[in-house]
Amino acid sequence: MTQVISSYLRSNGFSKTVSIEQRIHESKRDGKTPTIIIDLMYYDQLEGYLTRTGTREKMGDLCGISRMRVQKLERFVAKMKEWGAELIFITNGPYFDTSGQIIPDEDDLKGSSKDWRYNLQCAIIDYLGNEHYSRVAEDARFIPIERIWTESVVKIVRKYGKILWAWDNTRHQEIVKNASVNDALAIISKNFAVLLYSGLAFPRYKLWSLVNCSVESMTTDEFDPLVIRRTLQLSAKQMRLLAALADRYYATQTFCNFVDRMQFDKNSRTVFRTLAMYVKKTAGNLQELDYLKIARDLFGEQKYIEKFDEFKSVCESYDINKITLSTEQNNDSVSMQLKKQDSFNYDIYHGMKFTVSITFIDYRYWLQRDVDFYEICMSLYRRICGVILQHKKDPTLMRYVNIKRSHQDEYATVELEPEYPEGLYVPSLEFIFSLEGFSRIVPEFNIRMLEFITGMELDRHALEFFWKTDQRSLLQDSVTLRYMVKLNMMDTFEADIFLLGIHRCVREPPEAHELPKHLHLRAFHLYFMYIKMRTLVKHSFYSAGLDDTFMDECYLDGILFQTMFQQWDSSGETEKFREEVTLLERFRLY
């Protein structure tokens, strides 16, 4: 519905182009802190990337991460910070994973986005096998790779602002409530639903369109929620009803039936105005009878009584005054430390179901090479659970994961039984976290826990190189390559190509590399599996008590890796290749 709302607002003159720098300085002159709330789930769509991407950019996406794009995002937030803005980044937390967007009708399943993404990715992969990748890029509306940016984005966020998870609310509820509590200057997002929340008599915050931002000029399109409400001539309660219809119910079967029942024009360009007129005409002060009448229109005679309470609750969820900021729930020291990592171990500790996201992991390809990605994930997760839950001393504990078992199976919830370490002393999590900021010596139990989780022995002497030098942040990549070789995902020659590419990207500043003439499919599959596996290794590090100093963002530029892989795959292990690898021998754990 976002595009429908956007189209209506733009075509009716609700937006204006503003200078972000000027807005920040104006706020400071007024004696206010220019707080800016940024919707972190849409970071990849800066400057309208998905709607304006040309073939060459999409060809680059088929290779993997673009360090130039990551650099552009950093420039964008760095400028706002330099001008004096306080930046708060908000992303999905466990609430989203366990409950998601509330769809108050069991028949209103919008479809599993995870399954849809997997099928789209497989279709692209199939196409790659038959067509030149420029043709695939040209025909694809977008290449869904945004999830692989996460670690780089989180590093930027922590450098220039603070990150908040929507622990108890939906992300949009958390965003608008934070904007209200912090008297924010603006919300930067592409989701126009944040304009439909009500509860503040005179909301100060504006919506700055992420899609229409320009990093070069630092301008954007601005929307004012107060102007919108006054122009539509709707009360605060009526705005909540409009939000429920236009945001939460839109595109569900209930909404389609509602449109047919009310004989509304189905034209997407006019549907938002039609809904606004319906709300204005139908709803008074939204007393119980008003809710009942609208529920009858929405759900029909057969269901509206049973759906009434849920419908009213959905409407009221758009009332800023009824949203409580996510608390530091279970506010113990362990929970606080787990939140500093990411939401994964926190979810396990508190029994929240988590979802395994994948990007271009083709189960068919890996099964042909005797690699069971599902079992690899589950084995790792079972052991992580065993470490995290070791001291809960409850043998009946069970955790749940939303995961895809195979190419044929859709995403489903699977029981995750912890595998507890035997013959291995696991200190309390409080004790492990008290050791953050390790000295040059890492306790033996951390290494043993990492060995237990990953199922592979680690050379203590080889690890000392990372402990005692300023290279410890590269341990994540070295362990990831060792793990992938152990799992027969790649051979040592391929791991060497990765190692050379990683260290070249670490040493050299981001630059625009020339696109390869064709796409090497083996390199394609290896690259995206490497991205996923280094995330699994990150979870393993955290569980073993290794902190952020042992990890870093993914530096490996996808285009550079494709080019290097093709070069060395063609020539083989030449003398020059071996010379370069020898220089990195201390990083070569496999």
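What you see is a predicted model, and the numbers here were worked out from it, not measured in a lab.

Quick word on the overall build of the protein
Turning to step 1, where the next piece is worked out: Each helix and strand counted, the protein has 28 helices and 10 strands in total.
Turning to step 2, where the next piece is worked out: By the compact-globule yardstick of 25 Å for 590 residues, the protein fits well, its C-alpha radius of gyration being 26 Å.
Turning to step 3, where the next piece is worked out: Along the first, second and third principal axes, the C-alpha atoms of the protein reach 75 × 55 × 55 Å.
Turning to step 4, where the next piece is worked out: Long-range pairs, those at least 24 residues apart, make up 77% of the contacts in the protein with a sequence separation of at least 6.
Turning to step 5, where the next piece is worked out: For the protein, the exposed surface amounts to about 25200 Å²; the carbon and sulfur share of it is 48%.
Turning to step 6, where the next piece is worked out: Each charge class in the protein can be summarised by its mean position, and for the 77 positive and 83 negative side chains these summaries are 5 Å apart.

Focus on the sheet that holds strand E9 (residues 399-403)
Turning to step 1, where the next piece is worked out: Spatially, 3 strands are ordered E8-E9-E10 in an open sheet, and the strand pairing comes out mixed. Edge strands, defined here as strands with exactly one partner in the open sheet, are strand E8 (354-355) and strand E10 (412-416).

Side note on the packing of aromatic side chains
Turning to step 1, where the next piece is worked out: Summed over all chains, the structure comprises 37 aromatic pairs.
Turning to step 2, where the next piece is worked out: Their ring planes at 65 degrees and their centres at 5.1 Å tell us that Tyr-250 and Phe-255 sit as a pair that is edge-to-face.
Turning to step 3, where the next piece is worked out: A relative accessible area of 4% places Phe-255 in the buried class.
Turning to step 4, where the next piece is worked out: Among the aromatic residues, those joined into a ring-pair cluster are Phe-360, Phe-498, Phe-524, Tyr-527, Phe-528, Tyr-530, Phe-561 and Phe-565.

Describing the state of the cysteines
Turning to step 1, where the next piece is worked out: Within this structure, the stated rule accounts for 0 disulfides.
Turning to step 2, where the next piece is worked out: You can see Cys-63 has no disulfide; the closest cysteine sulfur is in Cys-505, sitting 12 Å from it.
Turning to step 3, where the next piece is worked out: Free cysteine: Cys-505, not disulfide-bonded; nearest cysteine sulfur from Cys-554 at 8.3 Å.

So, the nonpolar core
Turning to step 1, where the next piece is worked out: Phe-76 and Met-80 are the most contacted members of the largest nonpolar core, which totals 154 residues.
Turning to step 2, where the next piece is worked out: By size, the runner-up hydrophobic cluster in this structure holds 58 residues, among which are Phe-14, Leu-232, Leu-275 and Ala-295.

Details of the side chain of Thr-35
Turning to step 1, where the next piece is worked out: Here Thr-35 shows up in strand E2 (residues 35-39).
Turning to step 2, where the next piece is worked out: Classification of Thr-35 by relative accessible area gives buried; the value is 3%.
Turning to step 3, where the next piece is worked out: Apart from the residues within four sequence positions on either side, Thr-35 is in contact with Glu-86, Ile-88, Asn-182, Ala-184, Leu-185 and Ala-186.

Some points on helix H2 (residues 20-29)
An α-helix turns once every 3.6 residues. As a result, residues three or four positions apart point the same way.
Turning to step 1, where the next piece is worked out: Of all the residues in H2, the buried ones are Ile-20, Arg-23, Ile-24 and Ser-27. Taken around the axis of H2, the buried residues stretch over an arc of 100 degrees, which confines them to a single face.
Turning to step 2, where the next piece is worked out: Elements that come into contact with the buried residues of H2 comprise strand E1 (15-19), E2, helix H5 (67-82), strand E6 (206-209) and strand E7 (219-223).
Turning to step 3, where the next piece is worked out: Note on H2: the residue one or two positions beyond its end, Gly-31, has a positive phi of about 80 degrees.

Remarks on the sheet that holds strand E4 (residues 162-166)
In sheet architecture, strand pairing relies on hydrogen bonds along the backbone and comes in two forms, parallel and antiparallel.
Turning to step 1, where the next piece is worked out: Strand order in this open sheet of 7 strands is E1-E7-E6-E5-E2-E3-E4, and the pairing throughout is mixed. For this open sheet the edge positions go to E1 and E4, each flanked by a neighbour on one side alone. Looking at each pair of strands side by side, their axes are set apart by 30 degrees on average, direction ignored.
Turning to step 2, where the next piece is worked out: Sheet topology places strand E3 (residues 86-92) next to E4; 5 bridges connect them, and they run parallel. If you follow Ile-90 over to E4, its bridge partner there is Leu-164.

Digging into the confidence of the model for the protein
When pLDDT drops low, the exact placement of atoms in the prediction is not to be read closely.
Turning to step 1, where the next piece is worked out: Scored by pLDDT, the protein has a mean of 89; 94% of the residues are at 70 or more.
Turning to step 2, where the next piece is worked out: Scored below 50 in pLDDT, residues 95-111 shows 38 contacts in the model against residues more than four places distant or in partner chains.

Some thoughts on the pattern of salt bridges
Turning to step 1, where the next piece is worked out: Enumeration over the complete set of coordinates arrives at 37 salt bridges.
Turning to step 2, where the next piece is worked out: Note that Glu-74 is salt-bridged to Lys-159, the shortest N-O span being 3.0 Å. Residue Glu-74 is located in helix H5, and its partner Lys-159 is located in helix H9 (residues 150-160); the two are separated by 85 residues in the primary sequence.
Turning to step 3, where the next piece is worked out: Since its relative accessible area comes to 56%, Lys-159 is described here as exposed.
Turning to step 4, where the next piece is worked out: A salt bridge links Glu-146 to Arg-117; the shortest N-O distance between them is 2.8 Å.

Things to note about unusual backbone geometry
Turning to step 1, where the next piece is worked out: Phi angles above zero are rare outside glycine, and Glu-47 is one such case at about 65 degrees.
Turning to step 2, where the next piece is worked out: With respect to the element layout, Glu-47 can be found in the loop between E2 and helix H3 (49-52).

Section: the side chain of Glu-451
Turning to step 1, where the next piece is worked out: Among the secondary structure elements, Glu-451 is positioned in helix H22 (residues 444-454).
Turning to step 2, where the next piece is worked out: Only 2.8 Å separates the side chain of Glu-451 from the backbone nitrogen of Leu-458, close enough to count as a polar contact.
Turning to step 3, where the next piece is worked out: When near neighbours in sequence (up to four residues on either side) are disregarded, Glu-451 contacts Met-456, Glu-457, Leu-458 and Arg-460.

A look at the pairing of E3
Turning to step 1, where the next piece is worked out: Most of E3 sits inside the fold, with 6 of its 7 residues counted as buried.
Turning to step 2, where the next piece is worked out: In this sheet, E3 lies alongside E2 in parallel orientation, the contact comprising 5 bridges. Bridge assignment links Thr-35 to a residue of E3, and that residue is Glu-86.

Points about helix H13 (residues 253-262)
Turning to step 1, where the next piece is worked out: Along H13, the residues that are buried comprise Thr-254, Phe-255, Phe-258 and Val-259. Buried positions in H13, seen along its axis, are confined to an arc of 135 degrees and lie on one side of it.
Turning to step 2, where the next piece is worked out: Where the residues of H13 are buried, they touch helix H12 (236-248), helix H14 (271-282) and helix H15 (288-299).
Turning to step 3, where the next piece is worked out: Taken from the residues just after H13, Gln-263 is the one with a positive phi, measuring 60 degrees.

Focus on the packing of helix H17 (residues 333-341) against helix H18 (residues 343-350)
Turning to step 1, where the next piece is worked out: Between H17 and H18, the shortest axis-to-axis distance is 6 Å and the interhelical angle comes to 145 degrees. Only Asn-345, Tyr-346, Tyr-349 and His-350 of H18 make contact with H17, whose side of the interface consists of Val-334, Ser-335, Leu-338, Lys-339 and Gln-341.
Turning to step 2, where the next piece is worked out: In the contact of H17 with H18, the residues fall into 4 nonpolar, 4 polar and 1 charged.

Here's the deal with the environment of Arg-296
Turning to step 1, where the next piece is worked out: Its location among the elements puts Arg-296 in helix H15.
Turning to step 2, where the next piece is worked out: For Arg-296 and Phe-308, which are 12 residues apart along the polypeptide, the C-alpha to C-alpha distance reads 8.6 Å.
Turning to step 3, where the next piece is worked out: Not counting residues up to four positions away in its chain, the partners in contact with Arg-296 are Arg-261, Glu-301 and Tyr-304.

A short note on the environment of Glu-151
Turning to step 1, where the next piece is worked out: For Glu-151, the position within the fold is in helix H9.
Turning to step 2, where the next piece is worked out: Overall, the relative accessible area of 15% leaves Glu-151 in the buried class.

Parameters and conventions
- The written sequence of each chain sets the order in which its residues are numbered from 1.
- Local features are withheld for residues below a pLDDT of 70 in this predicted model, meaning they are given only at 70 or higher, and side-chain atom pairs are given and counted only at 80 or more; totals for whole chains, interfaces and linings count all residues.
- Think of the side-chain values as coming from all heavy atoms in the structure, minus any hydrogens and water.
- Only DSSP runs of H or I reaching four residues or more are called helices, and only runs of E reaching two or more are called strands; each is numbered from the N terminus.
- The globule rule used for comparison is 2.2 Å times the number of residues to the exponent 0.38, while the radius of gyration itself is calculated over C-alpha atoms.
- What makes two residues a contact is simply this: any of their non-hydrogen atoms within 4.5 Å.
- Exposure was quantified through the Shrake-Rupley algorithm and a 1.4 Å probe, taking into account, for residues, occlusion by the shown protein chains and nothing else.
- Counted charges follow a simple rule, with Lys and Arg positive, Asp and Glu negative, and His plus the chain ends left uncounted.
- The atom standing in for a charge is NZ when the residue is Lys, CZ when it is Arg, CG when it is Asp and CD when it is Glu.
- Any two strands between which DSSP finds at least two bridges are classified as paired.
- Think of it this way: a Phe, Tyr or Trp ring, Trp meaning its six-membered ring, pairs with another when their centres are within 6.5 Å, and the plane angle makes it stacked under 30 degrees, edge-to-face over 60, tilted otherwise.
- Only protein chains enter the calculation, and the probe is 1.4 Å; a residue is then buried if its accessible area is under 20% of its type maximum, exposed if over 50%, and partly exposed in between.
- Whenever a pair of cysteine sulfur atoms sits within 2.5 Å, that pair is classed as a disulfide.
- Here, nonpolar core means buried Ala, Val, Leu, Ile, Met, Phe, Trp, Tyr and Cys residues that are tied together by side-chain atoms lying within 4.5 Å of each other.
- Comment: arc refers to directions from the helix axis out to C-beta atoms.
- An axis is simply a line fitted to the C-alpha atoms; with a helix, the fit covers only the stretch in contact. Between two such axes, the angle follows the N-to-C directions and lies from 0 to 180 degrees.
- The predictor rates its confidence in each residue with pLDDT, a number between 0 and 100.
- The term salt bridge refers to a pairing of a side-chain nitrogen on Lys or Arg with a carboxyl oxygen on Asp or Glu at a separation within 4 Å.
- In protein, a polar contact requires one atom able to donate a hydrogen and another able to accept it; more generally it is a pair of N or O atoms within 3.5 Å, and residues adjacent in sequence count only if both atoms are side-chain atoms.
- Residues are grouped as follows: nonpolar covers Ala, Val, Leu, Ile, Met, Phe, Trp, Tyr, Cys and Pro; charged covers Asp, Glu, Lys and Arg; every other residue, Gly included, is treated as polar.

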